[in-house]
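# Chain and residue survey
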Amino acid sequence: MNRDNPLVLGIETSCDETGIGIVRGSRLLSNTIASSMDEHARYGGVVPEVAARAHLEELVPMIRAATEDAGIRLEDVDAIAVTYGPGLSGALMVGVGAAKALAIALGKPIYAVNHLVGHVGADVLQTDADPGTEPLEYPTIALLVSGGHTSLLLVRDLISDVELLGETIDDAAGEAFDKVARILGLPYPGGPQIDRVALGGDPAYIRFPRGLSHHKDMEHHRYDFSFSGLKTSVARWVEQTRDAGETVPLADVAASFREAAIDILLTKAVAACTDLGVPRLLLGGGVIANARLRELAVERTDAAGIALRIPPLSLCTDNGAMIAALGAQLIMAGHEPSTLDFGADSTLPASVIQG
Ligand code: KG4
Ligand code: ZN
């Protein structure tokens, strides 16, 4: 195996994206993705069984498309990397099964890796559009926000030392956007819809609650998040307004909800940086597409003297390239491959980087 600049194929199937990535060392060669999002739209959220079936259908065509895109042959890869958790069990199992089959058929080593740490790994990738970024420095705080997870990590080292500082105790941030969009009669996925409707709205129109921000929460939930109270509070406000026969001011409600959600995410992320003396914050996950989050993240980190890193959006949402990238980092650091006895682990802790 080429350990200096390995050619790695990464497989990501933890949620509704079938992602195949191909990297050579830290260089991105292909980031090929099929999403089953449209199939979930009428349910207002990801349906695990539907996602798993879609992975099964998409994996082979996506692997073909990725190798073509990268201009390589499958036989040329040095190793296979695959997400084995956390995520939806059935969805993960499809990717894990495919990765093992490929590794056996090709006679290549396999690296089972953590999805959350993969989001951080996305940052090491160099693309044609962005060839010369400074390497990620450690330690760094990472805020990962998507439809499936909301986690705050302390990353002392990408491949050997990741600590979970906090996570959501109920809904993920993206899930809250999706649910509130539904309450407001907007289609799935809700994040982009809320962004669209919030344009011109007053973010201070209603002060919605910031979950787990009270003094009493600070001891046990300092870096944890909660979004279900926020969602309920929006639902109640909308219901009361309608019951009173008044029109719901959509733009103001969307802007006020978005402000509450983004405010608490960034308040806790910046607090972690400040408390722990880590002047670096890395963002990842699909919610990073949020216009207000990006704006406020720049404002808050500037004010606190924190260096902010946001990988390109195509590498922030779930993808196989970040998984391949993490696999390549493990190989380059001399880590041995995983043995084939690993399975899908839907609740894999963030601190377990490789299986
Ligand atoms: O990382 P991602 O693509 O994967 C999954 O979680 O599967 O994230 C999707 C989530 C959805 O919940 C979606 O509503 C949210 O990211 N999202 C956004 C925005 N764009 C996507 N949330 C807030 N604002 C956005 N502009
Ligand atoms: Zn993710």
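A quick note: this is a predicted structure, and the numbers were derived from the prediction, not measured.

Cut-off values and rules
Residues numbered from 1 in each chain as written. Chains lettered and ligands numbered in written order. Predicted model: local features only at pLDDT ≥ 70, side-chain atom pairs only at ≥ 80, totals over all residues. Heavy atoms only, no water. Pairing = 2+ DSSP bridges. Helix = DSSP H or I, 4+ residues; strand = E, 2+ residues; numbered from the N terminus. Axes fitted to C-alpha atoms, helices over the stretch in contact; angles between N-to-C directions. Parallel < 35°, antiparallel > 145°, perpendicular 65-115°, else oblique. Left-handed = near helix turned anticlockwise from the far one by under 90°. Contact = heavy atoms within 4.5 Å. Nonpolar A, V, L, I, M, F, W, Y, C, P; charged D, E, K, R; others polar. Salt bridge = Lys/Arg side-chain N within 4 Å of Asp/Glu carboxyl O. Buried < 20%, exposed > 50% of the residue type's maximum accessible area, 1.4 Å probe, protein only. Donors = N, O, S within 2.8 Å, 3.2 Å for Na, K, Ca; no water. Tetrahedral: all angles 85-135°; square planar, octahedral: opposite > 155°, others 65-115°.

So, about the sheet that holds strand 2 (residues 17–24). Judged by pairing direction, the sheet is mixed, and its five strands sit side by side in the order 3-2-1-4-5 without closing on themselves. Looking at the sheet topology across the chains shown, the edges are occupied by strand 3 (27–35) and strand 5 (110–114). With direction set aside, neighbouring strand axes in the sheet form an average angle of 20°. Across five bridges, the pairing between strand 4 (residues 79–85) and strand 5 is parallel. Residue pairing for strand 5: A81 is matched across the bridge by Y111.

Below, the discussion takes up the packing of helix 8 (residues 228–243) against helix 9 (residues 250–276). Their axes nearest at 11 Å, the elements helix 8 and helix 9 cross at an angle of 165°. In this view, helix 8 runs roughly antiparallel relative to helix 9, as classed from their interaxial angle. Along this stretch, helix 8 crosses helix 9, giving a crossing that reads as right-handed. Mapping the contact onto sequence places L230, V234, W237 and V238 in helix 8 and V253, F257, A260 and A261 in helix 9. When its residues are assigned to classes, the contact of helix 8 with helix 9 shows eight nonpolar, no polar and no charged.

Let's shift gears to the pattern of salt bridges. According to the stated counting rule, one finds 18 salt bridges in the structure shown. Residue R210 pairs with D263 through a salt bridge whose shortest N-O separation is 2.8 Å. Taken together, the residues span a long stretch of sequence, with R210 in the loop between helix 6 (190–198) and helix 7 (218–221) and D263 in helix 9 at a distance of 53 residues. Side by side, R210 and D263 carry an identical accessibility label, which is buried. Here R292 makes a salt bridge to E295, at a shortest N to O gap of 2.4 Å. Of this pair, R292 and E295 both sit in helix 10 (residues 291–304), separated by three residues, roughly a single helical turn. Its relative accessible area of 15% is what places R292 among the buried residues. By sharing partners, the salt bridges in this structure join D171, E175, K179 and K231 into a single network.

Take the coordination of the zinc ion (ligand 2) next. Each donor-metal-donor angle in an ideal tetrahedron of four donors is 109.5 degrees, and each such angle in an ideal octahedron of six donors is either 90 or 180 degrees. The protein atoms donating to the zinc ion (ligand 2) are H115 (NE2), H119 (NE2), H149 (NE2) and D318 (OD), with metal-donor distances spanning 2.1 to 2.3 Å. What the four donor atoms of the zinc ion (ligand 2) show is an angle range of 91 to 160° at the metal, which sorts the shape as irregular. Counting residues between consecutive donors of the zinc ion (ligand 2) along the chain gives the motif H-x3-H-x29-H-x168-D. Of the two residues, H115 and H119 both sit in helix 4 (residues 115–121), four residues apart, roughly one turn of that helix. Across the pair, exposure class does not vary: H115 and H119 are buried alike.

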